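# Geometric and topological summary
These are the residues of each chain, in order.
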Amino acid sequence: MEAEVKVLDQNTANQIAAGEVVEKPASVVKELIENSLDAGADNIEVTIYEGGTEYIRVVDNGSGMSKDNANLSVLRHATSKIRNAEDLQSIHSLGFRGEALPSIASVAKFELVTRLHDEEFATAITINGGTDTECIATGGNVGTAITVRDLFFNVPARRKFLRTVNTEGRYINEIISKIALSRPDVHFRLLNNDKEVINTPGNGNLVDTIASIYGKNVANDLITLKYEDNGIGVSGYIGKPTMLKGTRQWQTIFVNGRTINNRMIGKALDHAYRSQIPKGGFPFAVLAITVDTANIDINVHPQKSEIKFGDEGAVYRVVYHALSDALTKPLMGSGDMGKYVAEHIDDTDNSAMYTKRPFGGGGNNYQANQQQIWKTPESIAENNGIEFSAAQRTDENMNLSPMENNIAIQDVNNGVDNIWPLGQIDRVFIVAQSETALYLIDQHAAHERVMYDKLVNSHQNIPTQQFLIPLYLDATPQEVSSIEEYRKEFMQLGVDVEPSGETILRVSSLPADIKNDEAEEFIREILTLLSENKKINPADLREEVLHYAACHSAIRAGELLNIRQMRALILELLNTEHPFTCPHGRPCMIEITSEELYKMFKRT
Ligand code: ADP
Ligand code: MG
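Residues take numbers from 1 onward in each chain, read along the sequence in its written order. Lettering for chains starts from A, numbering for ligands starts from 1, and both go in the order in which the items are written. Owing to the predicted nature of the model, reporting of local features is limited to residues with pLDDT of at least 70; listing and counting of side-chain atom pairs is limited to 80 or more, with chain, interface and lining totals taken over all residues. No hydrogens and no water enter the side-chain calculation; it runs on all heavy atoms of the structure.

## Observations concerning the site of ligand 1
Filter applied, for reference: Any residue with a non-hydrogen atom lying within 4 Å of a molecule or strand is treated as near it. Each polar contact in these results corresponds to two N or O atoms within 3.5 Å; when the atoms are within protein, one needs to be able to donate a hydrogen and the other to accept it, and residues that are neighboring in sequence are counted only if both atoms are side-chain atoms. Residue-level accessible areas treat just the shown protein chains as cover; the underlying method is Shrake-Rupley with a 1.4 Å probe. Counting from the N terminus, the helices are DSSP H or I runs at least four residues long and the strands are E runs at least two residues long. Note on residue classes: Ala, Val, Leu, Ile, Met, Phe, Trp, Tyr, Cys and Pro are nonpolar, Asp, Glu, Lys and Arg are charged, and everything else, Gly too, is polar.
Ligand 1 sits among 21 residues. The nearest are Asn35, Thr79, Ser80, Lys81 and Gly98. For ligand 1, an oxygen atom lies 2.7 Å from a polar atom in the side chain of Lys81. Relative to its unbound accessible surface of 530 Å², ligand 1 loses 93% to contact with the protein. Taken together, the elements giving at least two residues each to the shell around ligand 1 come down to helix H2 (25-38) and helix H4 (100-106). Sorting elements by how many residues they give to the shell around ligand 1 places H4 first, with 3 residues. Tallied by class, residues from the shell around ligand 1 come to 7 nonpolar, 10 polar and 4 charged.

Right, here's the structure in full:
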């Protein structure tokens, strides 16, 4: 027999929608806060008990609603934010689906009290699991207060799927934190079982907001970011490469003010940090991305937590470049040594100043007199008792054109500054100067950066050295089988290693950058890496090898360098993609501008 087709009643339809919209207490909080923000509130207070399962109350000082609107607002598909499907193309509000209030009211004990600014009375509406709707006039503050009790009391199956009250409480904390980061101008407060756990200043300052949520330490370890290309804007703060977190939870991404999850942007973050971070881990980030509303579809997820970009690739590229750019900016002094103070750069609006190739290439404003300070390329490359490959490569570069001789960072006026060494401190740090700044360079870190970039650039085809007499290493049977498994990857790295019996390895070639007496240690390092981390993929393995090779062939701390060697090293360093950080994410060069010197000497 054919089953009868019937249109569902409102309450059933609402409960079905609730299945998607109201997944957990945090979803209720998210929807209510979004409504408060859409209503123009700048003060939002959330109170929860038992992880929000028993009690959620969101109070705002927004516009409030008239009695008529309040009655409409709890009906399905009732919204003040769009009028037709075309409006979906240009949404500037957080809500638009018109289903949050009725969905929540259908699966909880719901109470709404709302009052318009110039009305004497407030309207109170109560709904009990989608039924027994009551509406009365009452006293109340301007704005809206919504209380949600006993969530899922009439949907026991749902209630069973709730996590512990601690976990649900944490989800609420996370979602409020993220939304608060998107609106530093709004004061957010969360009380969890009578304890204040979030209290943002609402003063419009994002760093203060970050500090109130993640603490001062995180706020002190940030790099500013502001970038625009192709109609796509990226701004916000990212963590220094040394500040890594165990989860993506520390990454907050907004698109046009909406907190979203997006794998592609996560990937852009990972890739931009790749050359800065040797090991796994997730960078800290609060990124606000702006795109033309016509180029995104925000109506692809019932909780509005995902969006679809018209051109994902374009967004990826802009985000990636924004991050790489910011990571390449210098570490500056400004009283707090080693702290990133990138705002300084933004103030002067000369972000072009620290682009990847700070000198050479440019071609303009070459100051011929600068050349006289320095000897000819030949004289730099010659001599050098100490083996110093940087100098040799410099020599090759320098034969190309006079431009390449010039070590310069374009300053604000697009002029050219030279950086030249003054001396070495403790055989570890090079002190150098330009006309407008003082530089402190960690010689090991700097050379590591140089070597690393060189190795990366020679990718695919790492120059190798063949041994006349192979090297034999003792190994465990596990190590031997790992080698068998990764033989191909090893080959690509320039390491020809194969089993020679159950516990012996034969090495016939190594990357040219690995010194002979370091061969064994080098192989062991990779083996350890493999045995500790069986799942390491070839790309990561390669990365590790590059770090190792760069680190081990680099000039050591404690090595005495003459001025020419220092000069050659600086030249090479400035030619790298990231002259200010070593591959491990530590600083290799710190810049203290004359402006900062003035400040230090209290001359401003
Ligand atoms: P949506 O936000 O998608 O429009 P909701 O069900 O969340 O749908 O809300 C329905 C309507 O109720 C909103 O469009 C808005 O007009 C009104 N509303 C909800 N919450 C508030 C609030 N806190 N302050 C003022 N108006 C509100
Ligand atoms: Mg809404």
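Now that the structure has been shown, we can carry on.
## Let's talk about the sheet that holds strand S10 (residues 232-239)
Adjacent strands of a sheet form backbone hydrogen bonds with each other and so pair up, either parallel or antiparallel. Cut-off, in case you're wondering: At least two DSSP bridges between two strands are needed for those strands to be called paired. Axes here mean lines fitted to C-alpha atoms, for a helix over just the part in contact, with angles spanning 0 to 180 degrees between N-to-C directions.
Pairing in this open sheet of 5 strands is mixed, and the strands run S9-S10-S15-S12-S13 from one edge to the other. If you trace the sheet from one side to the other, it starts and ends with strand S9 (222-229) and strand S13 (258-260), each paired once. Across the sheet, the mean angle from the axis of one strand to that of its neighbour is 20 degrees, orientation sign disregarded. Note: strand S12 (residues 251-255) against strand S15 (residues 285-290), 5 bridges, orientation parallel. By the bridge assignment for S15, Gln251 is matched with Ala285.

## With respect to helix H6 (residues 165-182)
Side chains of residues three or four places apart in an α-helix project in the same direction, reflecting 3.6 residues per turn. Note the following rule: In this scheme, a helix's expected span is set at 1.5 Å multiplied by one less than its residue total. Three exposure classes are used, based on accessible area relative to the maximum for each residue type with a 1.4 Å probe and protein chains only: buried under 20%, partly exposed in between, and exposed over 50%.
For H6, spanning 18 residues, the distance from its first C-alpha to its last is 26 Å, which sits close to the expected 26 Å at 1.5 Å a residue. A large share of H6 lies buried, amounting to 13 of its 18 residues.

## What about helix H9 (residues 263-274)?
End to end, H9 covers 16 Å across 12 residues, agreeing with the expected 16 Å (1.5 Å per residue, within 8%). Those residues of H9 not exposed but buried are Met264, Ile265, Gly266, Ala268, Leu269, Asp270, Ala272 and Tyr273.

## Notes on unusual backbone geometry
Residue Glu50 is not a glycine yet carries a positive backbone phi of 50 degrees. Tracing the sequence through the fold places Glu50 in the loop between strand S1 (43-49) and strand S2 (55-60).

## Thoughts on the sheet that holds strand S24 (residues 464-474)
Filter applied, for reference: We call two residues in contact whenever any of their non-hydrogen atoms come within 4.5 Å of each other.
Strands sit in the order S24-S26-S25 across an open sheet of 3 strands; the sheet is antiparallel. Strands at the two margins of the open sheet, each flanked by one partner only, are S24 and strand S25 (496-499). Sheet twist, expressed as the mean angle between neighbouring strand axes with direction ignored, is 15 degrees. Sheet analysis places S25 next to strand S26 (residues 504-511), joined by 4 bridges and oriented antiparallel. Along S26, the bridge assignment pairs Pro499 with Leu505. This element, helix H16 (residues 477-485), spans S25 and S26 of the sheet and lies at about 125 degrees to S25.

## Quick notes on the pairing of S9
Here 8 bridges tie S9 to S10, and the two strands are oriented antiparallel to one another. Note on S10: the bridge partner recorded for Tyr227 is Val234. Between S9 and S10, which pair antiparallel one after the other, the connecting turn spans 2 residues, and Asn230 there sits at a positive phi close to 60 degrees.

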